[in-house]
Amino acid sequence: MHATLLTPNRPALCLTLVLVLALASPWARADQAAKQADAAPCIEVQVNGERIPAWDCLQRKLAPAAGTAARPDLPEAERLMRKPGNQLLQYNLEGTRQRMGDAFGRSVVPQRPAR
């Protein structure tokens, strides 16, 4: 029984060694650095009364996850159906009100002419 206590437990030793090497790998460190960068707050600076937001930090936080799946290619008819109405030249009441301005309902001449 004394001999069994002195022999190392090889599977447990190998597993521990693999875990230590995996945590010390550059990929694991890069992943941890990315997680810390995502968790860090974005700091705004104020210089001479002007606030300067950290745009690069906000862009990183608002960017979609890298692992998002790409949408499958849609047939032409389906792609056209999903286009917004202003790209399909459909009537838009709010767009017409914006273009006509205060002449809406009183004149046929728009306040903001079409480009």
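Residues numbered from 1 in each chain as written. Predicted model: local features only at pLDDT ≥ 70, side-chain atom pairs only at ≥ 80, totals over all residues. Heavy atoms only, no water.

Within the protein, the secondary structure is distributed over 6 helices and 2 strands. Element order for the protein, N to C, with α for helix and β for strand: α-α-α-β-β-α-α-α. Counting only residues that meet the buried cut, the protein has 5% of its 115 residues in that class. A separation of at least 24 residues holds for 3% of the contacts in the protein among residues at least 6 apart in sequence. Counting only carbon and sulfur atoms, one obtains 62% of the accessible surface of the protein, whose full area is about 10800 Å². (Helix = DSSP H or I, 4+ residues; strand = E, 2+ residues; numbered from the N terminus. Buried < 20%, exposed > 50% of the residue type's maximum accessible area, 1.4 Å probe, protein only. Contact = heavy atoms within 4.5 Å. Areas by Shrake-Rupley, 256 points an atom, 1.4 Å probe, with all protein chains shown as cover.)

Moving on, we come to the state of the cysteines. In protein structure, a disulfide is the covalent linkage between the sulfur atoms of two cysteines. Evaluated as defined, the whole model comprises 1 disulfide. Each disulfide pairs two cysteine sulfurs, and for Cys42 the partner residue is Cys57, the sulfurs being separated by 2.1 Å. Residues Cys42 and Cys57 share a disulfide whose torsion about the S-S bond is about -80 degrees; that sign makes it left-handed. Here the residue Cys42 occupies a position in the loop between α3 (26-39) and β1 (45-47), and Cys57 occupies one in helix α4 (residues 55-62), the gap between them amounting to 15 residues. (Disulfide = S-S within 2.5 Å.)

As a further point, take the layout of surface pockets. Using a probe with the size of a water molecule, rolled over the atoms, empty space left in the structure can be pinpointed. In this structure, the largest pocket spans a volume of roughly 190 Å³. Taken together, Asn86, Leu89, Gln90, Tyr91, Asn92, Gly95, Thr96 and Arg99 make up the lining of the largest pocket. Of the residues assigned to the lining of the largest pocket, the class counts are 2 nonpolar, 5 polar and 1 charged. (1 Å grid on protein atoms, 1.4 Å probe; cavity = no way out; pocket = protein on both sides within 12 Å on 5 of 7 lines; lining within 4 Å. Points joined across faces, edges and corners; volume = space filled by probe spheres on them. Nonpolar A, V, L, I, M, F, W, Y, C, P; charged D, E, K, R; others polar.)

Time to look at the confidence of the model for the protein. Counting all residues, the mean pLDDT for the protein is 75, and 62% of those residues have values of 70 or more. Averaged pLDDT values over the elements of the protein bottom out at 53 in helix α1 (residues 2-6) and peak at 88 in helix α5 (residues 76-81). (pLDDT = per-residue confidence, 0-100.)

On to the pattern of salt bridges, then. For the coordinates displayed, the defined rule picks out 4 salt bridges. With its nearest N and O atoms 2.5 Å apart, the salt bridge here joins Glu76 to Arg79. Of this pair, Glu76 and Arg79 both sit in helix α5, 3 residues apart, which is roughly one turn of that helix. Judged by relative accessible area, Glu76 falls into the partly exposed class, the value being 47%. Residue class for Arg79 comes out partly exposed when judged on its relative accessible area of 38%. Of the charged contacts in the structure, one is a salt bridge between Arg82 and Glu78, with a shortest N-O distance of 3.1 Å. With relative accessibility at 54%, the residue Arg82 sits in the exposed group. Of the residues examined, Glu78 reaches a relative accessible area of 26% and is grouped as partly exposed. (Salt bridge = Lys/Arg side-chain N within 4 Å of Asp/Glu carboxyl O.)

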